[in-house]
Amino acid sequence: MRAEVLKGHLDGLLLAVLDDEPRHGYAVIEALRAGSGGQFDLPTGTVYPALRRLEAAGLIRSGWSVVTGRRRRTYRLTDAGRRALAEQRSAWEDFSAAVSALLQGQPWPAAT
Amino acid sequence: MAGRDVASRHVAEYVAAVASELPGPRRIRTAALAELRDGLCDAVDARRQRGLASDAAAREAVAESGPPDIVAAAYAPVLADLTARRTALILLATGPVIGMLWVLALTPERSPGPLLGTAPVLPLLVATAAVAAVLTLAVTGAAQRLLGDVPQLPQLAVATACVAAVCADVAVLGLATSRALTDPGVLPWIVTLAAAASALRLAGSSRAAHHFLRTATRPG
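In this text, all values refer to a predicted model and were calculated from it rather than measured experimentally.

Quick notes on the interface of chain B and chain A
Quite often, the size of an interface is put as the accessible area lost when its parts meet. Across the contact, 27 residues belong to chain B and 23 residues belong to chain A. The contact between chain B and chain A buries some 2,000 Å² in all, and 55% of this surface belongs to carbon and sulfur atoms. Linking chain B to chain A there are two salt bridges. Notably, a salt bridge pairs Arg33(A) with Glu64(B), separated by 2.4 Å at the nearest N-O pair.

Next up, the structure:
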């Protein structure tokens, strides 16, 4: 999958990965890769600043812990993050339905 | 052990390469990149557990992380907001303290009224600095969800706060100098302390304003 396509949806993807459970940065990367069937191929170093940006916006929060002698920053969704994720899912469903209809020459989906 | 040292060196060199592409205070850069370094160590360990040699595991983890300039470009806006936020907090914290020092130094009544009346521009400068600093905290915090992403707004807001602080410090230092010239003698220690505090903040605010204005007006 093209990197520029993924990049535009990175925030939503990160929120979705954290919806299941709190994770630290590398576990978020692994979950993105596993959840996308290996399609996620953005530079993984860009995930960490994206997580910091979501935290600054109040959509996730983090805490430090020490695991096997190494400090890890673990992230979890906030209530605002859950609402933002729900909005992104709804927007994506509407968008993908409309684009699919156009690309496949089908009638425009009725507004719900 | 030797293998782990090789891997650690690869990771350290990579993180240093990313850091060298980033502007801003070293302490903020180091803190921001600590997570990247720890994440790379996790990536190296995961590959070693799958049977890869340390050297190959480190090279693969670093390659997967991306070119240093790409990762630095992703960190740059985050660091810029962190630096703006830190500067705004410093201005909000030092404002009342330095203000109180000048009230004690220049007004026998120990009241800000006469001081603000002597220099009518001071209330406007203080208010501008405070509002701009609070705006900086708002647009770099949770309120950005409501305000939306306005490029360069944090840098412009904190630069405004810094410029207003510089002007306020110049105004009170000018006032103190004028009084010292009309009433020469031994300066009370409180005046010296207030002047030193203002001079220090003036130097820092000037440097910060220059940095943030340069960042805000940089193309691309």
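So, the packing of helix α4 (residues 68-106) of chain B against helix α6 (residues 121-139) of chain B
Residue and element names in this part refer to chain B. Contact geometry for α4 and α6: axes closest at 9 Å, N-to-C directions at 145°. Considering the relative orientation of α4 and α6, their crossing is left-handed. Contacts from Ala84, Arg85, Ala88, Leu89 and Leu92 of α4 reach α6 at Ala130, Ala133, Val134, Thr136 and Leu137. Here the residues of the contact of α4 with α6 sort into eight nonpolar, one polar and one charged.

Here's the deal with the domain arrangement of chain B
All names here are of chain B. Domain parsing of chain B yields domain 1 (2-66) and domain 2 (79-216). For domain 1 versus domain 2, the separation of C-alpha centres amounts to 40 Å. Contacts between domain 1 and domain 2 engage seven residues on the former and four residues on the latter. Carbon and sulfur atoms supply 77% of the area buried between domain 1 and domain 2, which totals about 500 Å² over both sides. There are zero salt bridges connecting domain 1 and domain 2. Across the domain 1-domain 2 interface, the total number found is zero residue pairs in polar contact (both at pLDDT 80 or more). Within the side of domain 1 that touches domain 2, the residues separate by chemical class into five nonpolar, no polar and two charged.

Observations regarding the sheet that holds strand β1 (residues 23-24) of chain A
Here three strands make up an open sheet; going across it, the order is β1-β3-β2 (chain A) and the pairing antiparallel. A strand with exactly one partner marks an edge of an open sheet, and here the two such strands are β1 and β2 (60-67) of chain A. Relative to strand β3 (residues 70-77) of chain A, β2(A) runs antiparallel, the two sharing eight bridges. Looking at the pairing, Trp64(A) lines up with Arg73(A) of β3(A). On top of the sheet, helix α2 (residues 26-49) of chain B reaches β1, β2 and β3 of chain A; it is set at about 100° to β3(A), its chief contact.

About the thresholds
- Throughout this description, residue numbers start from 1 for each chain and increase along the sequence as written.
- Throughout, the order in which chains and ligands are written sets their labels, letters from A for the former and numbers from 1 for the latter.
- Owing to the predicted nature of the model, reporting of local features is limited to residues with pLDDT of at least 70; listing and counting of side-chain atom pairs is limited to 80 or more, with chain, interface and lining totals taken over all residues.
- Processing note: side-chain calculations cover all non-hydrogen atoms of the structure and skip hydrogens and water entirely.
- In this description, contact between two residues means that some pair of their heavy atoms is separated by no more than 4.5 Å.
- Here's the idea: put two parts together, see how much 1.4 Å probe accessible area each one loses, and the total over both is what we call buried area.
- In what follows, salt bridge is the name for a side-chain nitrogen of Lys or Arg lying within 4 Å of a carboxyl oxygen of Asp or Glu.
- For helices, the axis comes from a line fit to the C-alpha atoms of the stretch in contact; other axes are also lines fit to C-alpha atoms, and the angle between any two N-to-C directions lies between 0 and 180 degrees.
- Secondary structure elements follow DSSP: runs of H or I no shorter than four residues count as helices, runs of E no shorter than two count as strands, and numbering proceeds from the N terminus.
- The sense of a crossing depends on the near helix, which, turned anticlockwise from the far helix by less than a right angle, makes the crossing left-handed and, turned clockwise, makes it right-handed.
- Gly is put with the polar residues, along with every residue not named as nonpolar or charged; the nonpolar set is Ala, Val, Leu, Ile, Met, Phe, Trp, Tyr, Cys and Pro, and the charged set is Asp, Glu, Lys and Arg.
- Each domain's limits were defined by an automated method or a database of domain assignments.
- Here a polar contact is taken to be a pair of N or O atoms separated by no more than 3.5 Å, where protein atoms must pair a possible hydrogen donor with a possible acceptor and residues adjacent in sequence count only if both atoms sit in side chains.
- Pairing between two strands is assigned when DSSP locates at least 2 bridges connecting them.

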